[in-house]
Amino acid sequence: MEATVVRTGTEGKTWGGGSKSPLKASYGKMMMWYFITSDALTFSAFLAAYGFSRYKFIDSWPIADEVFNHFPFMHGTDAPMYYVALMTFILIFSSVTMVLAVDAGHQMKKSKVTLYMFLTIIGGAIFLGSQAWEWKNFIKGEYGAVETNGGQIIQFVDAEGERVALEKVAKVLPGDRVEHERKNGLWYVTDDSSLPTYSIDEVKEGFKESNYLVRTQMLDENGAKTILSREESLAMINDNAARVVEGANLTRNEYGPPLFADFFFFITGFHGFHVFTGVLINIIIFFNVIIGTYEKRKSYEMVEKVGLYWHFVDLVWVFVFTFFYLV
Amino acid sequence: MAHDASTHEHQSATKRIWTVFAILSIITIVEVILGIIKPASLVETSFIYMSLLNWIFIVLTIVKAYYITWAFMHMEHETKGLRRSVVWTVIFLISYLVFILLTEGDYIYEVYKNGYVSWNF
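Residues numbered from 1 in each chain as written. Chains lettered and ligands numbered in written order. Predicted model: local features only at pLDDT ≥ 70, side-chain atom pairs only at ≥ 80, totals over all residues. Heavy atoms only, no water.

Draft legend 1. Structural detail: the packing of aromatic side chains. Residues and elements named next belong to chain A. Here the structure, examined in full by the defined rule, presents 40 aromatic pairs over all chains. Seen in terms of ring centroids, F68 and F138 are 5.8 Å apart; in terms of plane orientation they differ by 15°. Their pairing is stacked. Pair noted here: F68 is in the loop between α2 (64–67) and α3 (82–106) and F138 is in helix α4 (residues 110–140), with a separation of 70 residues, a long-range link. Judged by relative accessible area, F138 falls into the buried class, the value being 2%. Between the aromatic rings of F138 and F260, the centroid separation amounts to 6.0 Å while the plane-to-plane angle is 55°, which identifies the pairing as tilted. (Phe/Tyr/Trp six-rings, centres within 6.5 Å; stacked < 30°, edge-to-face > 60°. Helix = DSSP H or I, 4+ residues; strand = E, 2+ residues; numbered from the N terminus. Buried < 20%, exposed > 50% of the residue type's maximum accessible area, 1.4 Å probe, protein only.)

Here it is, written out as structure tokens:
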């Protein structure tokens, strides 16, 4: 039998198949692109979920400038956004050194690739350290707040509307405060991880004697938090104050809705994990460059592939920066 | 053009890299300055459910994303097929997801506002 030759009329066309690879990219590079596509969808799902929760509480969401206003060695000064802006620059710059490494790889300059890869790793490490510091400040909190019976967060301000820390409000009362433990208390209630610095009674007592005011989470038409009058404040504290909140964890935080801290930890944490793995992969490639693996292969495409991943991490940070700190 | 750029680019892409770095830095600085002063006129003007300032932030972010993808990730040198399979997929799915979730979030906000969340409790 003779072989049947079928002509489809698509010979020589890319979409007709054949031996040519239509995307003209190596398997590894193409797959890195598709991995990045799927990872981008994961991150956008997280950020969209953040947007969902924020729209749900659109008139009571924390103001980012008030939450993230720390800068190293400038304790107590209000420095909104400077620190994240610095982090953004560090990451963009490490992206630049990465792309310079890729460029040097195209020209087969081993020593230049080594240097730029090294700088990229350093940039990534500095970014990770900065993020740890940011987390530390967020977890520790600054002023402290009170949670009401309904789970809302209320904060203290003085007559000028400046935030007041709990230590100024609370009055230390005599008497023992006992940490609740499962073994000698209610077995179905989890242990207190630690007692807050002041008890709710001390805050209530101190507040009565001060002339401070209560600030709720509700935003007014100017986008500022609503401050109650002295009478309303007293009523709010006496009737509704349930517990003292200091700093942030996954259950409650002194900045506002628990979801705010949950998303902060989850999204910046997931991004930080990407940076961490990016640094690890960069280190592996860095040593491969040093021992001359790619020189022998006569191609530095591997540097290009990890470069794609590293730029993607930078790309995600650009969006996290916008939606957590700016918008 | 774009395809034989791969031989071209072997000479030097350094100039392009530094230009893009300058553009990204300037955009970031503008964003930070706007974020700190928050001009009242931009905050108060509302445009499609959001303040003009937020729209500016989002547009600038997308511009930054474009430069990172096109210049740093060399998307501009890839074939049309690869470029579209990555970029279009992401853009369409994300727009859909964001539209659905934000609409739903706004709906829940309205429900809460009409009496389901009490602040005096």
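Draft legend 2. Representation of the domain arrangement of chain B in the model. All names here are of chain B. Taken domain by domain, chain B comprises domain 1 (1–78) and domain 2 (79–121). Listed as interface residues are six residues of domain 1 and, on the opposing side, six residues of domain 2. In total, domain 1 and domain 2 occlude about 480 Å² of area from one another, counting both sides; carbon and sulfur atoms represent 72% of this. Where domain 1 touches domain 2, the interface holds zero salt bridges. (Domains from an automatic or database assignment. Contact = heavy atoms within 4.5 Å. Buried area = accessible area lost by both parts, 1.4 Å probe. Salt bridge = Lys/Arg side-chain N within 4 Å of Asp/Glu carboxyl O.)

Draft legend 3. A look at the UniProt feature "transmembrane region" (unreviewed entry) in chain B. Residues and elements named next belong to chain B. Listed under "transmembrane region" (unreviewed entry) in the UniProt record, and renumbered for this structure, are residues 17–37, 49–73 and 85–103. Between the C-alpha atoms that bound residues 49–73 there is a distance of 34 Å. The span itself is 84% helix and 8% strand. Counting secondary structure, residues 85–103 comes out at 100% helix and 0% strand; the distance between its end C-alpha atoms is 27 Å. (UniProt positions renumbered as here; feature names shortened; annotations may be inferred.)

Draft legend 4. Looking closely at the pattern of salt bridges. By the definition in use, this model includes 10 salt bridges over all chains. The residue D65 of chain A makes a salt bridge to K38 of chain B at a minimum N-O spacing of 3.2 Å. Pair noted here: D65 of chain A is in helix α2 and K38 of chain B is in the loop between α2 (14–37) and α3 (40–44), and the two residues belong to different chains. Judged by its relative accessible area of 32%, K38 of chain B falls in the partly exposed class. Through salt bridges with shared partners, a single network forms among K29 and E304 of chain A together with E78 of chain B.

Draft legend 5. Layout of the interface of chain B and chain A. Between chain B and chain A, the contact holds 59 residues from the first and 62 residues from the second. Across the chain B-chain A interface, the total number found is two salt bridges. A salt bridge links K29 of chain A to E78 of chain B; its shortest N-O distance comes to 3.3 Å. Summed over the shared surface of chain B and chain A, the number is seven residue pairs in polar contact (both at pLDDT 80 or more). (Polar contact = N/O pair within 3.5 Å; in protein donor to acceptor, adjacent residues only side chain to side chain.)

Draft legend 6. Expanded view of the pairing of strand β1 (residues 145–148) of chain A. Residues and elements named next belong to chain A. Taking every second residue as pointing to the same face, both faces of β1 are buried, with A145 and E147 on one and V146 and T148 on the other. The pairing of β1 with strand β5 (residues 241–245) spans four bridges and is antiparallel. For E147, the partnering residue across the bridge sits in β5 and is R243. Summarising the sheet, β1 and strand β2 (residues 153–157) pair through two bridges and their orientation is antiparallel. (Pairing = 2+ DSSP bridges.)

Draft legend 7. Geometry of the domain arrangement of chain A. Residues and elements named next belong to chain A. Examined at the domain level, chain A breaks down into domain 1 (43–141 + 259–326) and domain 2 (147–246). Each partner contributes to the interface: domain 1 provides nine residues, whereas domain 2 provides eight residues. For E66, the salt bridge is made with R215, and the minimal N-O distance between the two is 2.9 Å. At the surface where domain 1 touches domain 2, the tally comes to three residue pairs in polar contact (both at pLDDT 80 or more). Residues of the side of domain 1 that touches domain 2, tallied by class, amount to five nonpolar, one polar and three charged. (Nonpolar A, V, L, I, M, F, W, Y, C, P; charged D, E, K, R; others polar.)

Draft legend 8. Layout of a negative patch on the surface. On the surface, D78, E142, E160 and E162 of chain A cluster together into a negatively charged patch. Residue class for D78 of chain A comes out exposed when judged on its relative accessible area of 56%. (Patch = residues over 30% accessible without salt bridge, like charges linked within 9 Å, V, L, I, M, F, W, Y side chains within 5 Å. Areas by Shrake-Rupley, 256 points an atom, 1.4 Å probe, with all protein chains shown as cover. Lys, Arg positive; Asp, Glu negative; His and termini not counted. Charge placed at Lys NZ, Arg CZ, Asp CG, Glu CD.)

Draft legend 9. Layout of the nonpolar core. F138, V303, W317 and Y325 of chain A together with F72 of chain B are the most contacted members of the largest nonpolar core, which totals 92 residues. If one sorts the elements of this core by residue count, helix α10 (residues 301–326) of chain A sits on top with 16 residues. Non-local contacts of F138 of chain A, meaning those with residues more than four positions away in its chain, are made with V67, F68, G247, A248, Y255, F260, A261, F264 and F265 of chain A. Y198, Y212, M236 and A241 of chain A belong to the second largest nonpolar core, which has 18 residues in total. (Core = buried A, V, L, I, M, F, W, Y, C linked by side-chain atoms within 4.5 Å.)

Draft legend 10. View of the UniProt feature "transmembrane region" (unreviewed entry) in chain A. Residues and elements named next belong to chain A. What UniProt calls "transmembrane region" (unreviewed entry) maps, in this numbering, to residues 31–52, 81–101, 113–133, 263–287 and 308–326. End C-alpha to end C-alpha, residues 81–101 measures 30 Å, and it is 95% helix and 0% strand. Annotated as residues 263–287, this span is 100% helix and 0% strand, and its ends, taken at the C-alpha atoms, are 36 Å apart.

Draft legend 11. Summary view of helix α8 (residues 258–290) of chain A. Compared with the 48 Å implied by 1.5 Å per residue over 33 residues, the 47 Å span of α8 of chain A between its first and last C-alpha is a close match. Within two residues after α8 of chain A, G292 of chain A carries a phi angle of roughly 85°, on the positive side. (Expected span 1.5 Å × (residues − 1).)

Draft legend 12. Spatial organisation of the sheet that holds β1 of chain A. Residues and elements named next belong to chain A. Read across the open sheet, the five strands follow the order β4-β3-β2-β1-β5; overall the sheet is antiparallel. In this open sheet, the two edge strands, each paired with only one partner strand, are β4 (225–227) and β5. Neighbour to neighbour, the strand axes of the sheet diverge by 40° on average, direction disregarded. Where β2 meets strand β3 (residues 213–219), three bridges bridge the pair, whose relative direction is antiparallel. Residue Q155 lies in a different strand from β3, and its bridge partner there is R215. Sitting on the sheet, helix α6 (residues 200–209) touches β1, β2, β3 and β5, and the angle it makes with β5 is about 105°. The strands touched by helix α7 (residues 230–240) within the sheet are β1, β2, β3 and β5, with β3 carrying the most contacts at an inclination of about 85°. (Axes fitted to C-alpha atoms, helices over the stretch in contact; angles between N-to-C directions.)

Draft legend 13. Seen up close, the packing of α3 of chain A against α4 of chain A. Residue and element names in this part refer to chain A. Between α3 and α4, the shortest axis-to-axis distance is 8 Å and the interhelical angle comes to 160°. By the criterion of interaxial angle, the relationship of α3 to α4 is roughly antiparallel. Crossing of α3 over α4 shows left-handed handedness. Residues of the contact of α3 with α4, tallied by class, amount to 16 nonpolar, eight polar and two charged. (Parallel < 35°, antiparallel > 145°, perpendicular 65-115°, else oblique. Left-handed = near helix turned anticlockwise from the far one by under 90°.)

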